[in-house]
Amino acid sequence: MLIVADENIPLLDSFFGDIGEIRRVTGRGLTRNEVKDADVLLVRSVTRVNRELLEGTRVRFVGTATIGTDHVDVEWLKAHGIGFSAAPGCNAGSVAEYVLAVISLLADQRDLSDWSTLSVGIVGAGNVGGELARMLERLDFEVKLCDPPRQDAEPENADDFVSLSEALTCDVVTFHTPLTRTGDHPTYHMVSEQQLATLHAGQLLINAGRGEVIDGTALVRRLEQPDAPVVVLDVWENEPAIDPELVNKVWLATPHIAGYSLEGKMQGTEMVYQALCRFLGLPVRKKAGQFLPEPALSKMTFTRNAIEDEALRLALGACYDPRKDDLRLRRAMKESSDKRAEAFDRLRRDYPVRRECSSLKIQLKGSSKSLQDRFRAMGFKLKI
């Protein structure tokens, strides 16, 4: 059995080596000729999987080690009897921690002693948005959820959701929707000139979902105007050939890596491995936890003198600081115009190991129960 796989999927040999021969390929620009003799195709979000890629090939199963599926023609696969699996929720914790890290930096910039005074509007309450909401609520933030498809599908829970216009009144507005162009609630350019005009300089706008959810051209114009919001983008229109002018105008710019924690990527591989085993009728014998290496930083200690918010944000920053990724992307955008797209992909391909809060043990000496609960809310392991 031949397994053709994106070279950026971690632990390919560990999970799939005893199932078949593995051929590593570059995901972006993958051609039919490269997969024509494959039985299994494993991809990430940079590969368009459709009739043009697979017609006439031997591929019988496609797995994407990502939560999104807008790069896969799922209906075409189904019509041709090709098995398919994504990895929904695999990197939810990673993206949620990315957003928390950004909010932490905003609180530092504004000298807020209590970051939970910020209200947060979450647009898209699926696996990622839901995980973020749970974390924020346990940290005592005011959270407003906006998810029109869920609101329509769950009339009994309609009061749990707000409109997009109400979500846009929050101090922080963060987007975690799939990219859709049809249906009752398309997300393509959901945030256009009209919505951007309602935002002001006291607000933070984060997009860690899909780049095309925000009209990039309208955003550039808005950021040139007075009283523009603070903007953080991890996803972009026209990736990997993103707009360097927009990069220059946002507060923080990162190269589509919000979900790139080691845990998140490994869980994505594990979920696709499990689906392939089910498809082939094989026993599931492996778990991501078997392969997690020891983290570079394994323990932090706080005494009874620790100030709660400062301790939380210090530990979070020790796990992840988005300013490092921002610097890398800005350096990449200084390359010549014909090399920027390649540089963007290279940042993702060569992304350094990043661990989630769950990899760090927090020792608390004489701390309050409140601090203990808040550390647990963020996923840290505690030693009391």
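Rules of the game
- Residues numbered from 1 in each chain as written.
- Predicted model: local features only at pLDDT ≥ 70, side-chain atom pairs only at ≥ 80, totals over all residues.
- Heavy atoms only, no water.
- Pairing = 2+ DSSP bridges.
- Helix = DSSP H or I, 4+ residues; strand = E, 2+ residues; numbered from the N terminus.
- Contact = heavy atoms within 4.5 Å.
- Axes fitted to C-alpha atoms, helices over the stretch in contact; angles between N-to-C directions.
- Salt bridge = Lys/Arg side-chain N within 4 Å of Asp/Glu carboxyl O.
- Buried < 20%, exposed > 50% of the residue type's maximum accessible area, 1.4 Å probe, protein only.

Caption draft 1: The arrangement of the sheet that holds strand β11 (residues 252-253) in detail. Spatial ordering of the open sheet is given by β7-β6-β8-β9-β10-β11, a layout of six strands whose pairing is parallel. The sheet is open, and its two borders are formed by β7 (142-146) and β11, each paired with just one other strand. Across five bridges, strand β6 (residues 119-123) lies against β7 in parallel orientation. If you follow Gly121 over to β7, its bridge partner there is Lys144. In this fold helix α6 (residues 127-138) packs onto β6, β7 and β8 (172-175), with an angle of close to 165 degrees to the strand it touches most, β6.

Caption draft 2: Just the sheet that holds strand β14 (residues 381-383), in detail. Strands sit in the order β12-β13-β14 across an open sheet of three strands; the sheet is parallel. This sheet does not close on itself; its edge strands, each paired only once, are β12 (299-302) and β14. Strand-to-strand, the axes of this sheet are offset by a mean angle of 25 degrees, without reference to chain direction. Contacting β12 and β13 (361-364), helix α13 (residues 308-319) runs over the sheet at an angle of about 165 degrees to β12.

Caption draft 3: Representation of the pattern of salt bridges. Taken as a whole and assessed by the stated rule, the structure comprises 25 salt bridges. Across the pair Glu131 and Arg134 runs a salt bridge whose closest N-O atoms are separated by 3.2 Å. Of this pair, Glu131 and Arg134 are both found in helix α6, three residues apart, which corresponds to roughly one turn of the helix. A residue is classified by how much of its surface remains accessible, and Glu131, at 23% relative accessible area, is partly exposed. By relative accessible area, which is 48% here, Arg134 ends up partly exposed. Among the salt bridges present, the one from Arg374 reaches Asp309, with a minimum N-O distance of 2.8 Å. Highlighted residues: Arg374 in helix α16 (residues 369-377) and Asp309 in helix α13, separated in sequence by 65 residues. Just as Arg374 is buried, Asp309 falls in that class too.

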